[in-house]
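Each chain, letter by letter, is given below.
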Amino acid sequence: MSFQFPSYYSREPFFTIQPVLNTRKKQLEMWIDLVLSYCRYNKVYEIDINEYIKKDHKLFYNEKINRRLSNESTKIIFEEMIEIGNGEWLDKDKNRVMVWWRKPEEWATLIYKWVLDSGQTNQVLTLWEIQKGDDTKNQEFYDLDTNVLIKSLKVLEKQSKAQVFQGTDSNLGVKFFSI
Amino acid sequence: MFVIIDLCTLKTLKLEISNRNPYLVIVFFIFGFAVLKWGASSRRTASLISASSCTHFAFKVLFLLNYNIFIYLCLPAMRRGVGIQAIHKANQHQKQLNTVSEQITSEQIKKTNEQLQTFKSNLEEFAIKHKKDIIKNPEFRKHFQDMCSVIGVDPLASNKGFWSQMLGVGDFYYQLAVQIIDVCLRYRSTNGGLIEINTLTDHIRKMRGKAANEISKDDIEVSIAKLKVLGNGFNILKIESKKIVQSVPCELNKDHTDVLINAQHNDGYTSPSILASSLGWSEQRISSVLEVLLNEGMAWIDNQSIQHKGEVIYWFPSLWSSTFE
């Protein structure tokens, strides 16, 4: 089953950035909501704006009503999304953006909970084990983007719940502590 | 013997006079005249009756005749009365009239009270009997509401009154009013505080859940009318066949509603050139009206309409059949 777009996605003025402040605020909120839920559904962590627009990606182009987001409009939306902590620019030209449909703090909590529940504190785990391991198949962070995972582990490091270190073969390992 | 007849005539006459029957008086007059004639003729034939007694009888009849005339002419004047005694009488008469009228009035009030009492008890009985229908069935509730308003009873006047104790109806509309405010506020940022009444009803139904009592558009209108007490924050705009609930205290004049009506004919949008051609307004008038609607958040712009060759068109989410969410 493919992603179900919300009803506002088929409203024509939704694709034109509104000039009135209050209306625009609401509109951006709706767009961010749409982008985050789309990315969550399709496990998308990274968006290349230029590519998406060039390819008439359906996230920014509704064929049915023939309305699309312009490059500038898309950037306005992602700026706002990053502002509220749901993403990060990946380059200086602001073409590639990391979409955090869960913030690193949220991932950190989920991962740490899983570690506690499965009794793996004080053990060394590889990142690969967290991302692709048999034990995490049912977890939401299965197949998590490496960049996002590292960000999340850094959060745990700050809380002194984990320690990330360089393993062999440039693989990263992590040790979780119980507090 | 004549004396006896005399006395008898007199008595009957008096009786008749007191009854004031004019025909009988005439009969007596003719009778008296006949007796007089008869007396005169009998004198010549040396009759049984003496002349003197005959004359006596004739005088009697004449006297009675006078008396009759007197009574008939003077009695009405006497009845009208003159002098202090008459004034006293008139006063007394007035007093009697007053007491009688008072009696009648008090009786009428008593009767009306009785009727009201019966009516109230019947209405109560009706309300209790149909309590379930009133609460559950919106159509029935509307009819009940209409009936109550016709006779000047307002079930919503107080939530401590008879109606709410009996039905909980008062609370029902207050609760609904709170839900209306809730829904209107939730969508204010996308529709600028304008929401179509059907859409509003759908949302409130969803919000109340399936277990709650069924509500109708009429219920919402009644509740909104109650909300007006709080100021002019809530209003119902009539855009042709549609009713739009306005939840912001913004003064919309005829120009604004005309634009909405125009958009209503146009799938929910309009543009400066559409307005110019259909309403014949000046450019300035159009831009100032649209600006107000845009600033209030009631309109959204769209600059990608190919049909209108890139002219900015204005959409009104309140005219869509579902909320913009």
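Refer to the structure above for everything that follows.
Residues numbered from 1 in each chain as written. Chains lettered and ligands numbered in written order. Predicted model: local features only at pLDDT ≥ 70, side-chain atom pairs only at ≥ 80, totals over all residues. Heavy atoms only, no water.

Thoughts on the overall build of chain B
Link 1 in the chain: Summing up its helical and strand segments, chain B has 14 helices and six strands in all.
Link 2 in the chain: Here chain B holds 325 residues, and the buried ones make up 36% of them.
Link 3 in the chain: By sequence separation, contacts in chain B at least 24 residues apart represent 55% of the contacts at least 6 residues apart.
Link 4 in the chain: For chain B, the exposed area adds up to about 20,200 Å²; of that, 59% sits on carbon and sulfur atoms. (Helix = DSSP H or I, 4+ residues; strand = E, 2+ residues; numbered from the N terminus. Buried < 20%, exposed > 50% of the residue type's maximum accessible area, 1.4 Å probe, protein only. Contact = heavy atoms within 4.5 Å. Areas by Shrake-Rupley, 256 points an atom, 1.4 Å probe, with all protein chains shown as cover.)

Structural notes on the packing of helix α4 (residues 104–117) of chain A against helix α6 (residues 146–158) of chain A
All names here are of chain A.
Link 1 in the chain: One can describe the packing of α4 onto α6 by two numbers: an axis separation of 8 Å at closest approach and a directional angle of 75°. With respect to α6, the axis of α4 lies roughly perpendicular. Listed contacts from α6 to Pro 104, Glu 105, Trp 107, Ala 108, Ile 111 and Tyr 112 of α4 are Val 148, Leu 149, Lys 151, Ser 152, Val 155 and Leu 156.
Link 2 in the chain: Here the residues of the contact of α4 with α6 are counted per class, giving nine nonpolar, one polar and two charged. (Axes fitted to C-alpha atoms, helices over the stretch in contact; angles between N-to-C directions. Parallel < 35°, antiparallel > 145°, perpendicular 65-115°, else oblique. Nonpolar A, V, L, I, M, F, W, Y, C, P; charged D, E, K, R; others polar.)

Remarks on the sheet that holds strand β6 (residues 124–126) of chain A
All names here are of chain A.
Link 1 in the chain: One open sheet holds the three strands; their spatial order is β6-β8-β7, and the pairing between them is antiparallel. Each having just a single partner strand, β6 and β7 (162–166) make up the two edges of the open sheet. The mean inter-strand angle of the sheet, taken between neighbouring strand axes irrespective of direction, is 30°.
Link 2 in the chain: Of the strand pairs in this sheet, β6 and strand β8 (residues 172–176) are connected by three bridges, and their pairing is antiparallel. Across the sheet, the residue bridging to Leu 125 is Val 174, located in β8.
Link 3 in the chain: The sheet contacts of α6 involve β7 and β8, and relative to β7 the element is tilted by about 125°. (Pairing = 2+ DSSP bridges.)

Quick look at the interface of chain A and chain B
Link 1 in the chain: Facing 19 residues of chain A, the contacting portion of chain B comprises 20 residues.
Link 2 in the chain: Connecting chain A to chain B are one salt bridge.
Link 3 in the chain: We note a salt bridge from Arg 67 of chain A to Asp 302 of chain B, for which the minimum N-O separation is 2.8 Å.
Link 4 in the chain: Where chain A packs against chain B, one counts six residue pairs in polar contact (both at pLDDT 80 or more). (Salt bridge = Lys/Arg side-chain N within 4 Å of Asp/Glu carboxyl O. Polar contact = N/O pair within 3.5 Å; in protein donor to acceptor, adjacent residues only side chain to side chain.)

Regarding a nonpolar patch on the surface
Link 1 in the chain: Taken together, the side chains of Leu 116, Phe 119, Val 150 and Ile 151 of chain B define a hydrophobic patch exposed on the protein surface, amounting to about 390 Å² of accessible area.
Link 2 in the chain: Among the structural elements, Phe 119 of chain B can be located in helix α4 (residues 83–129). (Patch = residues over 30% accessible without salt bridge, like charges linked within 9 Å, V, L, I, M, F, W, Y side chains within 5 Å.)

As for the side chain of Gln 131 of chain A
All names here are of chain A.
Link 1 in the chain: By secondary structure assignment, the location of Gln 131 is in helix α5 (residues 127–132).
Link 2 in the chain: Among the residues examined, Gln 131 registers a relative accessible area of 9% and is labelled buried.
Link 3 in the chain: Looking at Gln 131, its side chain comes within polar contact range of the side chain of Thr 146, at 3.1 Å.
Link 4 in the chain: Not counting residues within four places of it along the chain, the set of residues in contact with Gln 131 comprises Thr 136, Tyr 142, Asp 143, Leu 144, Asp 145, Thr 146 and Leu 149.

Considerations on unusual backbone geometry
Residues and elements named next belong to chain A.
Link 1 in the chain: The residue Asp 143 is not glycine, and still its phi comes out positive at about 70°.
Link 2 in the chain: Within the secondary structure, Asp 143 is located in the loop between α5 and α6.
Link 3 in the chain: When its relative accessible area of 37% is taken as the criterion, Asp 143 is described as partly exposed.
Link 4 in the chain: Although it is not a glycine, Ser 160 sits at a positive phi angle of roughly 50°.

Things to note about the packing of α4 of chain B against helix α6 (residues 138–150) of chain B
Residues and elements named next belong to chain B.
Link 1 in the chain: In the contact formed by α4 and α6, the axes pass within 13 Å of each other and the chain directions differ by 170°. Viewed along their axes, α4 and α6 adopt a mutual orientation that is roughly antiparallel. When α4 is examined against α6, the residues Leu 123, Phe 126 and Ala 127 are found in contact with a partner set consisting of Phe 140, Phe 144 and Met 147.
Link 2 in the chain: Residue composition of the contact of α4 with α6, by class: six nonpolar, no polar and no charged.

Looking at the pairing of strand β3 (residues 242–246) of chain B
All names here are of chain B.
Link 1 in the chain: For β3, the tally of buried residues reaches four of five residues, placing the bulk of the element in the interior.
Link 2 in the chain: By the bridge criterion, three bridges tie strand β1 (residues 194–196) to β3 in an arrangement that is antiparallel. Bridge pairing links Ile 195 to Val 245 in β3.
Link 3 in the chain: Sheet topology places strand β2 (residues 235–239) next to β3; five bridges connect them, and they run antiparallel. Bridging across to β3, Leu 237 finds its partner in Ile 244.
Link 4 in the chain: Between β2 and β3, which follow one another and run antiparallel, lie two residues, and Glu 240 among them has a positive phi close to 55°.

Remarks on α6 of chain A
All names here are of chain A.
Link 1 in the chain: The terminal C-alpha atoms of α6, which comprises 13 residues, lie 18 Å apart, in line with the 18 Å expected from a rise of 1.5 Å per residue.
Link 2 in the chain: When we look at burial in α6, the residues that qualify are Val 148, Leu 149, Ser 152, Leu 153, Val 155 and Leu 156. Around the axis of α6, the buried residues are gathered within 150° of arc, so they sit on the same side.
Link 3 in the chain: Looking at the buried positions of α6, the neighbouring elements they touch are β5 (96–99), α4, α5, β7 and β8.
Link 4 in the chain: In this structure Asp 145 caps α6, since a side-chain oxygen of it lies 3.2 Å from the backbone nitrogen of Asn 147.
Link 5 in the chain: Immediately beyond the C-terminal end of α6, within one or two residues, lies Ser 160, with a positive phi of roughly 50°. (Expected span 1.5 Å × (residues − 1). Arc of directions from axis to C-beta.)

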